[in-house]
Structures are given as structure tokens and as C-alpha cells.
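A structural walkthrough
Given next are the chains, with one letter for each unit.
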Amino acid sequence: MNYRCVHRWSFSEWGGSLALREEPLEPPSGREVTLRVTHCGMCHSDLHIQAGGFDMGGGKLSSLERAGTRLPVTMGHEIGGEVVEVGPEVTGVAPGDRVIVYPWLGCGDCEVCARGDEQLCSKVARNLGIQLPGGYADMVRVPHERYLVPIGDLDPARAATFACAGITAWGAIRKLSPVTSDDWIAVVGCGGVGMTAVALLSATSPAKIAAIDPDPAKREAALANGATAAFDPGAPDALRTIGKACGHAIAGALDFVGGESSSAMAANLVRRSGEVVIVGLFGGEFRLPVPMFPLKSLTVRGSYVAGLHDLRELVALAHRVELPKVPLDLRPLDSVNQALADLAAGRVVGRVVLQP
Ligand SMILES: [Zn+2]
Ligand SMILES: [Zn+2]
């Protein structure tokens, strides 16, 4: 393979399809590393990135372009691969290493970045797969070796999905207060990330798990991955049915949809002093009668991916505990446009992983 040239699937207008482009790739300098991509997971966020922004409710859209993202964009932020070349200052990483990549890069210098939460850096966002070219390519350039996490003998396709789906699920779970085996945790939305949360909860939490999704196939997959019960949010009287089935003991609800009806459902489902963590970016406005906050002593918070330390923790966890297998849908990289269309149409169960 020629390490001086990279083939990237990128879009050059917002909302446009991806086309293959061949571009030169300079040798890595300083602490940079070049990887040969072997696997790249596809995230629902890619649909928003491709569209150029997120639905902020009331007909308003956020704009990646106004926030400084330049075209063309090569998406793909769940990158797994093999190191092929390292810059002259790189230590502890060598060609042949099998790694996944932490893609949520900040400035790298501020206090927030120093504690390992680069995803929350307020100075600069230089995420791989948004501002920097991502993994829908045969090679990827990583700016510093510290963003690489060795995966040992883990399945590389599955490990690649840890970089977003995995840590997003893990970061949300870690925000919930401790629970007991009498408590329930509701997982609202069982796509790739929600399904990962069901699997991680069943491996690490004593609580019972309520999986909530309108798709019967996803409900079935959630039950197979450790959910105690599964519910259709569109069924008549769903709130009352779910509340009763869970003994009105839902201590926490993780909203992996992040839409108006899902967030309202999560807030209504939790018991008094319950906690809602909103993770999904479907969009819209959060609507709830204000007195519900004091009357229920309700906590509502958000969670955005997670830190580099969370990714290392998750990889260590995957080595120690047999995590239930979330379904993967392996496809060739050159079918990326079809895969995005399938994801947009809700025709994907689990996680698509593309292979160059
Ligand atoms: Zn993602
Ligand atoms: Zn920073």
C-alpha cells in the first residue's frame, strides 16, 4: 500500500452524496500517526453532519458551516485500524499496532482537555470525521499518539464502535446515581447506541432494564442483550403500562433519541427524585410543565459522547467482562451512500461497520 496517498469518501456540498477522492498524504510529522483503516462504524450523527447541522427546535437549525467546518467533509468517527507510520516524536506506538481512535479532539492544552474531557473543550473542536478527515477512507491521520487505544485481541469491528456508540452509552450510564436491584433503568431508543447501553447495563448494573423502542425487531434484540422487559412507546396508554410494569420504580431514564416525545416520555417515566439523561440528537424542544421539576425533585441533564479516559475504561471493561453482542452489520466502504440511506430510513438493526 502507498502511504503517500489516501482514498476518502467525502461530500463537497451539505446534504450531497459521498464521492471517492484520491488525495496526497504527507508523511506524519511530530507526534502524528498514520493508520490503515480496517473498520469504521457508521453513526446516526453522520446524517446530521451530512445535512450540515442539527434540528434545534422551532424550525431552527444549527450550522456546522457557521461553526467553522470546511468542505469537503470526510465523515467516520468510529475508526479502527492498524498503525502504518509514525511521526519522529511518537513513543510507545509502532507500525503493526492494532488500535481504535478517540476522535473527539479539543485544543489539547486547556484544563478541560488536560483532565481527559477533550469532547467538552470550549476553545476548539477538531473532531475526526467532522472538522478533520475521518475514517470513511483507506487511511486516516491522527494528530497525536495519545488518541490511540490498543485493542489487543478484541474483535476490531466491535471495538471500533466503542469510539462513539460505546463511550456515548458508557458516558450516559456513568452519569446516573448508584441503583439497586429493586430499581429500573429505562433505555429510550434502541438503535446502535441504545442497544450498546442495554448491553453495558446488563453487564455492569444491578438494576432491571426497560428497553423502549417502536420497532419490534429492536425490542427483540434488546431482550436478547439483557433487557428485563421491552415496550412499544407508541402503544395506547404506553406511559401507564410501562410505569405499572416497572412497579413505578424507574430511577433513571436514558434518552438515546433526544426528540420531543422521547424526552417527555423519559421525564414522565422516572419516579420521584429520578434522573433523565438526554443523549440523542434527533432534535426539537424539551417541553415539560415547570412544576414537575420541584414536585418530582427531577434531574434532567445531557451527555455528549465521553472522555478519552472513558474510552480506555470501556476497552478495559470489554477485556474483563463478556459484553453481550450488539448486532453488527458489516458492509464494504464503497456502499457508504446506500448504508447512510438505510440508516436514515431506519432499516438498520444494531450498528453498521464499513470496511475499506
Ligand atoms: Zn457518533
Ligand atoms: Zn481544550
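What comes next is a walk through the structure. (Residues numbered from 1 in each chain as written. Chains lettered and ligands numbered in written order. Predicted model: local features only at pLDDT ≥ 70, side-chain atom pairs only at ≥ 80, totals over all residues. Heavy atoms only, no water.)

Turning next to the sheet that holds strand E12 (residues 229–231). Read from one edge to the other, the open sheet built from 6 strands follows the order E12-E11-E10-E13-E14-E15, with strand pairing classed as parallel. Looking at the sheet topology across the chains shown, the edges are occupied by E12 and strand E15 (299–302). Sheet twist, expressed as the average angle between the axes of neighbouring strands with direction ignored, equals 20°. Where strand E14 (residues 275–278) lies against E15, 4 bridges are found, and the strand directions are parallel. Along E15, the bridge assignment pairs Val276 with Val300. (Pairing = 2+ DSSP bridges. Helix = DSSP H or I, 4+ residues; strand = E, 2+ residues; numbered from the N terminus. Axes fitted to C-alpha atoms, helices over the stretch in contact; angles between N-to-C directions.)

A few words now on helix H4 (residues 165–173). Most of H4 is tucked away: 9 of the 9 residues are buried. All buried positions along H4 are accounted for by Ala165, Gly166, Ile167, Thr168, Ala169, Trp170, Gly171, Ala172 and Ile173. Contacts made by the buried residues of H4 are with strand E6 (78–86), helix H5 (192–204), strand E13 (250–255), E14, helix H10 (308–320) and strand E17 (351–355). (Buried < 20%, exposed > 50% of the residue type's maximum accessible area, 1.4 Å probe, protein only. Contact = heavy atoms within 4.5 Å.)

Moving on, we come to the coordination of the zinc ion (ligand 2). Only Cys107 (SG), Cys110 (SG), Cys113 (SG) and Cys121 (SG) from the protein coordinate the zinc ion (ligand 2), and they sit 2.3 to 2.4 Å from it. Taken together, the 4 donor atoms surrounding the zinc ion (ligand 2) define angles of 106 to 115° at the centre, an arrangement classified as tetrahedral. Note on Cys110: relative accessible area 11%, which makes it buried. (Donors = N, O, S within 2.8 Å, 3.2 Å for Na, K, Ca; no water. Tetrahedral: all angles 85-135°; square planar, octahedral: opposite > 155°, others 65-115°.)

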